[in-house]
Amino acid sequence: MTQSLFELEQNNAFIGRHIGPSEQEVADMLAVVGADSLDDLIKQTVPASILNDQPLGIGAPRTEQEALGYLKTLADQNKVFKSYIGMGYHDTHVPLVIQRNVLENPGWYTAYTPYQPEIAQGRLEALLNFQQMTQDLTGLPLASASLLDEATAAAEAMALARRVSKNKKANIFFIADDVHPQTIDVVSERAEHYGFDIKVAPAEAVVEHDVFGALFQYPSTTGQIRDLKALIAQVQSGKGIACVAADILSLVLLKAPGELGADVVLGNAQRFGVPMGYGGPHAAFFATRDEHKRSLPGRIIGVSKDTRGRPALRMAMQTREQHIRREKANSNICTAQVLLANMSSFYAVYHGPEGLKRIADRVHRLTDILALGLQSKGVALKHDTWFDTITVETADKDVILARAEAKGANLRSDLAGALGVSLSETTTRGDVAELFDIFLGEGHGLSVDSLDAKAAAGTASIPAGLVRDTAILEHEVFNSYHSETEMLRYIHKLEMKDLALNYGMISLGSCTMKLNATAEMVPVSWPEFARIHPFAPLSQTQGYQKMIGELESWLVKITGYDAICIQPNSGAQGEYAGLLAIKKYHESRGEGHRDICLIPSSAHGTNPASAQMANMKVVVVACDKRGNIDMVDLKAKAEEAGENLSCIMATYPSTHGVYEENIREVCEIVHGFGGQVYMDGANMNAQVGITSPGFIGSDVSHLNLHKTFAIPHGGGGPGMGPIGVKAHLAPFVAGHAVVKTDKESRNNGAVSAAPFGSASILPISWMYIAMLGDEGLKRSTQLAILNANYLMRSLAEDYPILYTGRNDRVAHECIVDIRPLKETSGISEMDVAKRLNDFGFHAPTMSFPVAGTLMIEPTESESKVEIDRFIHAMKQIRAEMRKVESGEWTLEDNPLVHAPHTQDDVMDSEWNRAYSRELAVFPSEDVRRSKFWPTVNRIDDVYGDRNLFCSCLPTEAYGE
């Protein structure tokens, strides 16, 4: 048949690119699951009471070219000024070898959190380098593998101080008033809900207070370099914990805070090769003393050994994870920024200690030149010490700011009677000459070259006693890869050790490892999005504001809520922000006593930790034998809480992978007792286009943009967790101390350092929604449900399925129960997970939410061919288990307990196992055609925890 022009234009072409199964594959899978159509499957699966067949109202899908073209018109409305604002954010040169081969490389950005370390040795090594870099620069022996941003890292430092301080009577956390204002904002907000008292005062005033901890900035927010040693000692003399927020580049030249006695050092690694991106994502660094290792927030990469006795890397002390410790967790340690931490560590590797020193020296020299020139003209500076930031006292702010705007430059303007100027790696001598024009007007007669001669003779702008005299980055990894050729090969060598989505399906339940389309990723690198300071005037970020506004309006339609707060920069932060909105709402009604949070035992693992952060009392609600919320127990717990009931945190569909029939009744019960309903957005991939949390009856949800809305996981971060709220909660979402919008929540405390969170990755979700439109968003949900039910039905012949819902259906994921099989074979869920590595698959989610199980989520992006490949692998593994059950193989000698297998296994001179080498490494013809080789054998977790070692080993120790 002749096609119309409309059909030939293929406006919906992206839907077929995003969704894996073809029309024929869809028909074949529907036949297997026993449904006549996708609509029929949805009606069989989703409770009729919550089905919503109304269009989302987003509109028709756009082509890749159309969406990119329109988004470019928005980007062009942003004004990319030279940024001298500072305040913890600086322009930087992203080495192009890192931009192309890490930031823009799906081998790095589509990988998952390294819970399966045998197939994640590359990113684990890059993270270990990040930890070593942090240890060297901070002067402390233990570092984490990144946190979200400097402000939230400071809040985590306060929480650590409370846990480990021996001054148990004190309730004051002291913050020096020259700490960055956004950090004071976030820490103060966190403290309020922990029940801590905050004292903000000049740093020297810390001696006047009995504190459990204190936070200082080094250099200060206005650029002063102060010797903190005496103040740190004063805090410690009162058994308090001294925390220092430090600028990472300055630490190349300044004495390490650890040498000054600091207990905790934290900061933002952004200026080590990560774009400002209007606020993120960036990796925060965090270091402390070894004795605080059990209280350290975030993830720690440690060195263990594999079964061959070789060094192997893993996430250490995983028993601290929130899905295990729940409300007793140290922090929501899903809040990591792995991709960005890796970029910063590669930046340090590429430049090495000498290169970093040249960069720091150049920035400092240009700052000296600027300061000397201004002083020579009688301009007063607030301080006589600085690294890259000076504060200029002036009565002519408006005149100077007008000249700056005319030249396309942004100065820091929030200081009373003064302007701030922070230089960066990108600042040139021409920029300094232009700054003279801005401050002095033209015709000032200053010469950068003549001022340089004076600056080179010495200015004492860094006090002699605070000049770093210890070496940094002596490990060979930071001294080996300085040519682009060597750097390229090093990055590629690490990438080849990792299994990411560019190799095969990552079937993790609850994590939705779907396609991160190239068209979605392209705008992240556009300078109009990448090179904007988060505190740039709103008049210069109109493109960002329009893009964010459109995204918010779409998310309102998708969720059924009334408003969106985009600030939380991870899912866990979104949970926290949503709970704070509930808490403040109750307080506004004179019901601040409501502090009980009901959490079903099936809830997402971060929920109890978030409730604890909001200072709520967690009461667990039981589930019945089918995995649903026990309604009798819910009613009893809600009635018992009575007027103290704050909220319930429910995940829908449940983390057990089913659509609970009683979800509307759950909402009604909680509302009946005056509580609010928080619906965890982790499983929105099973709601979009067919129902919504607002339609169901919820009051607030966070949205994992890195799950449902296609932002890639990046090896364990970045994430974005904006919250949707009903109108009555909108006044109580996060505000920001520095950037004021026109929203009614503008003066509330912040939950993240930047006003719009990790804004530079929001174009990914914008593109995702624009290119799918109403039709594609709904079909994505339908296919996620079809793929999961097809996979479940195919595996049910060999594996027990733990939970199903109505008509024996699952939602977008299913749980395979290994426990009965372990009883008959001795083979554990760990053995199955590791054997899947031999088939070239990342394991499903292991032992969560139920111990001894595997939770599998194929997503809509995987084709039937790939799902069948996974099913075949699982069936073959079950056949291997039967050989153990029958006694053909012993429990001690079979391919499952020895998995994963490496090339070293194949090359052993002797092979004394009960199965062949061929079966070990080529368990299927598909694997023979395309083999992913794990680079280490199974890792000894117990040894790694008992022998915690979190620094770089000599390169030869890793092997090749």
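Rules used in this analysis
- Each chain has its residues counted from 1, running along the sequence as written.
- In keeping with the predicted nature of the model, local features appear solely for residues at pLDDT of at least 70, side-chain atom pairs appear and are counted solely at 80 or more, and the whole-chain, interface and lining totals rest on all residues.
- Excluded from the side-chain calculations are hydrogens and water; all other atoms, namely the structure's heavy atoms, are used.
- Only protein chains enter the calculation, and the probe is 1.4 Å; a residue is then buried if its accessible area is under 20% of its type maximum, exposed if over 50%, and partly exposed in between.
- Numbering of helices and strands runs from the N terminus; a helix is a DSSP stretch of H or I covering at least four residues, while a strand is a stretch of E covering at least two.
- Pairs of strands are assigned from DSSP output, requiring at least two bridges between the strands.
- Points on a 1 Å grid over protein atoms alone make up a cavity when a 1.4 Å probe fits among them but cannot get out, and a pocket when they form an open set with protein on both sides within 12 Å along at least five of seven lines; lining residues each have an atom within 4 Å of a point.
- Grid points are joined across faces, edges and corners, and a volume is the space filled by probe spheres set on the points.
- Under this grouping Gly is polar, as are all residues other than the nonpolar Ala, Val, Leu, Ile, Met, Phe, Trp, Tyr, Cys and Pro and the charged Asp, Glu, Lys and Arg.
- Salt bridge criterion: a side-chain nitrogen from Lys or Arg within 4 Å of a carboxyl oxygen from Asp or Glu.
- Pairing of aromatic rings covers Phe, Tyr and the six-membered ring of Trp, with a centre-to-centre limit of 6.5 Å; geometry is then stacked below 30 degrees between planes, edge-to-face above 60, and tilted otherwise.
- By definition, being over a ring means that NZ of Lys or CZ of Arg is both within 6 Å of the ring centre and within 35 degrees of the ring normal.
- By nonpolar core is meant a set of buried Ala, Val, Leu, Ile, Met, Phe, Trp, Tyr and Cys residues that side-chain atoms within 4.5 Å join together.
- In what follows, residue pairs with any heavy atoms lying within 4.5 Å of each other are defined as contacts.
- Interaxial angles span 0 to 180 degrees and are taken between N-to-C directions of axes, which are lines fitted to C-alpha atoms, for helices over the stretch in contact.
- Oblique is the label for any angle not covered by the other classes, which are roughly parallel (under 35 degrees), roughly antiparallel (over 145) and roughly perpendicular (65 to 115).
- Should the near helix be turned anticlockwise from the far one by less than a right angle, the crossing is termed left-handed; should it be turned clockwise, right-handed.
- Throughout this description, a polar contact denotes any pair of N or O atoms lying within 3.5 Å of each other; where both atoms belong to protein, one of them has to be capable of donating a hydrogen while the other can accept it, and for residues adjacent in sequence the pair is counted only when both atoms sit in side chains.

Chemist: Which residues make up the pairing of strand β7 (residues 264-268), and what values do they have?
Modeler: The side chains of a regular strand alternate, first on one face of the sheet and then on the other. Of all 5 residues making up β7, 5 are buried, and the element is well covered by its neighbours. Residues Val264, Leu266 and Asn268 line one face of β7 and the alternating positions Val265 and Gly267 line the opposite face, and both faces are buried. Two elements, strand β6 (residues 241-246) and β7, share 3 bridges in a ladder whose sense is parallel. Within β7, the residue paired with Val244 across the bridge is Val265. The pairing of β7 with strand β8 (residues 284-288) spans 5 bridges and is classified as antiparallel. Across the sheet, Val265 pairs through a bridge with Ala287, a residue of β8.

Chemist: If you had to explain empty space enclosed by the protein to someone new, which residues and values would you point to?
Modeler: The final tally for this structure, using the stated rule, is 11 cavities of 30 Å³ or more. Considered as a void within the structure, the largest cavity measures approximately 210 Å³ in volume. Taken together, 23 residues line the largest cavity, and the ones lying closest to its centre are Gly88, His90, His180, Pro219 and Asp247. Listing elements by their share of the lining of the largest cavity, those giving two or more residues are β5 (211-218) and β6. The residue inventory of the lining of the largest cavity, partitioned by class, reads 7 nonpolar, 12 polar and 4 charged. Computed from the structure, the second largest cavity encloses a volume of approximately 150 Å³. In terms of lining, the second largest cavity is formed by 18 residues, of which the most central are Leu103, Pro281, Leu340, Val524 and Ile761. The dominant element in the lining of the second largest cavity, judged by the number of residues it contributes, is helix α13 (residues 338-376), at 3 residues. Across the lining of the second largest cavity, the residue classes tally to 15 nonpolar, 3 polar and no charged.

Chemist: Describe in detail the pattern of salt bridges, supporting the description with residues and values.
Modeler: Inspection of the entire model under this criterion finds 56 salt bridges. As a salt-bridge pair, Asp431 and Lys82 come within 2.6 Å of each other at their nearest N and O atoms. Of this pair, Asp431 sits in helix α15 (residues 429-440) while Lys82 sits in strand β1 (residues 82-84); the two residues are 349 residues apart in sequence, bridging distant segments of the chain. Glu156 is paired through a salt bridge with Arg190; the nearest N and O atoms lie 3.9 Å apart. Taken as a pair, Glu156 in helix α9 (residues 150-164) and Arg190 in helix α10 (residues 181-194) lie far apart in primary sequence, 34 residues in all. Judged by relative accessible area, Glu156 falls into the buried class, the value being 7%.

Chemist: For the packing of aromatic side chains, give the residues involved together with the corresponding values.
Modeler: By the definition in use, this model includes 24 aromatic pairs. Ring geometry for Phe709 and Tyr768: centres 6.0 Å apart, planes at 85 degrees, overall edge-to-face. Of this pair, Phe709 sits in the loop between β20 (700-702) and β21 (723-725) while Tyr768 sits in helix α26 (residues 762-795), and the two are 59 residues apart along the sequence. Through a chain of ring-to-ring contacts, three or more aromatic side chains come together here, namely Tyr278, Trp526, Phe529, Tyr544 and Phe756. Taking the ring centre of Tyr576 as reference, the NZ or CZ of Arg190 above it sits at 5.1 Å. A cation sits over an aromatic face here: Lys931 above Trp933, 5.1 Å from the ring centre.

Chemist: Could you give an account of the sheet that holds strand β24 (residues 853-856), with specific residues and numbers?
Modeler: Taken together, the 3 strands give an open sheet; going across it, the order is β22-β24-β23, and neighbouring strands pair in antiparallel fashion. In the strand order of this sheet, the two ends are held by β22 (814-817) and β23 (845-846), each with one partner. In this structure, β22 lies alongside β24, joined through 4 bridges in antiparallel fashion. Bridging from a neighbouring strand, Cys814 pairs with Ile856 of β24.

Chemist: Any details on the nonpolar core? Residues and values, ideally.
Modeler: Ranked by size, the top nonpolar core spans 304 residues in total, and within it Phe216, Tyr218, Phe346, Leu411, Val421, Ile558 and Ile769 carry the most contacts. Sorting elements by how many residues they give to this core places α13 first, with 20 residues. Once residues within four sequence positions are removed from consideration, Phe216 is found in contact with Phe174, Ala176, Val179, Ala203, Val206, Leu228, Leu231, Val235, Cys243, Val244 and Ala245.

Chemist: Can you tell me about the environment of Ile629, naming the residues and giving the values?
Modeler: Mapped onto the fold, Ile629 is located in the loop between β17 (617-621) and α23 (631-641). On the basis of relative accessible area, Ile629 is assigned to the buried category, the value being 5%. When the C-alpha positions of Ile629 and Asn615 are compared, they lie 24 Å apart, and in sequence the two are 14 residues distant.

Chemist: For the packing of helix α28 (residues 829-838) against helix α29 (residues 864-886), give the residues involved together with the corresponding values.
Modeler: Where α28 meets α29, the closest approach of the two axes is 10 Å, and the angle between their N-to-C directions is 125 degrees. Judged on the interaxial angle alone, α29 and α28 are oblique. The chirality of how α28 crosses α29 is right-handed. In contact with Val832, Arg835 and Leu836 of α28, α29 contributes Phe870, Ala873, Met874, Ile877, Glu880 and Met881. Across the contact of α28 with α29, the residue classes tally to 7 nonpolar, no polar and 2 charged.

Chemist: Can you tell me about α28, naming the residues and giving the values?
Modeler: Of all 10 residues that make up α28, 9 are buried, and the element is covered over most of its length. Of all the residues in α28, the buried ones are Glu829, Asp831, Val832, Ala833, Lys834, Arg835, Leu836, Asn837 and Asp838. Its buried side turned inward, α28 meets β23, β24, α29, α30 (895-898), α32 (917-921) and α33 (925-929). Its side-chain oxygen at 3.2 Å from the backbone nitrogen of Met830, Ser828 defines the N-terminal cap of α28. Phi for Gly840, located one or two positions after α28, is positive at around 85 degrees.

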